[in-house]
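Given next are the chains, with one letter for each unit.
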Amino acid sequence: QVQLVESGGGSVEAGGSRRLSCEVSGVASTNCLGWFRQPPGKQREVLATIHPTGGDSYSGAVKGRFTISQDGSKNTLYLQMITLKPEDTATYYCAAGPSRNVNACEWRIWGQGTQVTVSS
């Protein structure tokens, strides 16, 4: 079966840190992996991705504060978040899919999401 299951969400004070996890099953190692978020009433946005060639990329909103990584078995995807801001409040999703080319991924598989709330 192909499944992504996020965990680690919750409430944190501004300036604090949080680590999200995504259990990955049934996803080929040739797929892209990534983290997205959707603030209340806003569009979903990409945060960080890992391409199967090994390159990581980050959005400008989180670069320098968030880090995407995997465990050795590649069964768990992580998003380490530091220096959190109230505007980071959102539902966070992990996703996976095949890489179309070096610059694109097809995001076909999604987790159910985990809520992160950053208080002032």
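Residues numbered from 1 in each chain as written. Predicted model: local features only at pLDDT ≥ 70, side-chain atom pairs only at ≥ 80, totals over all residues. Heavy atoms only, no water.

Enquirer: Tell me about the nonpolar core, and please be specific about residues and values.
Expert: Membership of the largest hydrophobic core comes to 25 residues, with the highest contact counts inside it found for L4, W35, F66, L77, L79, M81 and Y92. Listing elements by their share of this core, those giving two or more residues are β3 (18–25), β4 (31–38), β5 (45–50), β7 (66–70), β8 (76–81), β9 (90–101) and β12 (114–119). Broken down by element, the residue count for this core peaks at 4 residues, all from β9. (Core = buried A, V, L, I, M, F, W, Y, C linked by side-chain atoms within 4.5 Å. Buried < 20%, exposed > 50% of the residue type's maximum accessible area, 1.4 Å probe, protein only. Helix = DSSP H or I, 4+ residues; strand = E, 2+ residues; numbered from the N terminus.)

Enquirer: Could you give an account of the pairing of β5, naming the residues involved and the relevant values?
Expert: Direction of pairing for β4 relative to β5: antiparallel, over a ladder of 5 bridges. The residue bridging G34 from the neighbouring strand is T49, located in β5. Hairpin remark: β4 followed by β5, antiparallel, with 6 residues in the connecting loop; positive phi at G41, about 70°. Relative to strand β6 (residues 56–58), β5 runs antiparallel, the two sharing 3 bridges. Within the sheet, the bridge partner assigned to A48 lies in β6 and is Y58. (Pairing = 2+ DSSP bridges.)

Enquirer: Mind laying out the pattern of salt bridges, listing which residues take part and the relevant values?
Expert: Counted according to the given criterion, the structure contains 4 salt bridges. A salt bridge links R37 to E45; its shortest N-O distance comes to 2.9 Å. Overall, the relative accessible area of 26% leaves E45 in the partly exposed class. Taken together, the salt bridges that share partners define one network made up of R37, E45, R65 and D88. (Salt bridge = Lys/Arg side-chain N within 4 Å of Asp/Glu carboxyl O.)

Enquirer: Could you give me a rundown of the sheet that holds β3, with the residues and numbers involved?
Expert: Within a sheet, neighbouring strands are paired by backbone hydrogen bonds and run either parallel or antiparallel to one another. Pairing in this open sheet of 4 strands is antiparallel, and the strands run β1-β3-β8-β7 from one edge to the other. A single partner strand is all that each edge strand has here, and the edge strands are β1 (3–7) and β7. Neighbour-to-neighbour, the strand axes of this sheet turn through a mean angle of 15°, independent of strand direction. Pairing of β3 with β8 involves 6 bridges; the strand directions are antiparallel. (Axes fitted to C-alpha atoms, helices over the stretch in contact; angles between N-to-C directions.)

Enquirer: Explain the state of the cysteines to me, using residue names and the numbers behind them.
Expert: For the structure on display, the rule yields 2 disulfides. The disulfide bridge from C22 ends at C94, spanning 2.1 Å between sulfur atoms. Sign of the S-S torsion, about 70° for the bond between C22 and C94, identifies this disulfide as right-handed. With a gap of 72 residues between them, C22 in strand β3 and C94 in strand β9 connect regions that are remote in the sequence. Overall, the relative accessible area of 1% leaves C22 in the buried class. Among the residues examined, C94 registers a relative accessible area of 0% and is labelled buried. In this model, C32 is linked to C105 through a disulfide, with the two sulfur atoms separated by 2.1 Å. (Disulfide = S-S within 2.5 Å.)

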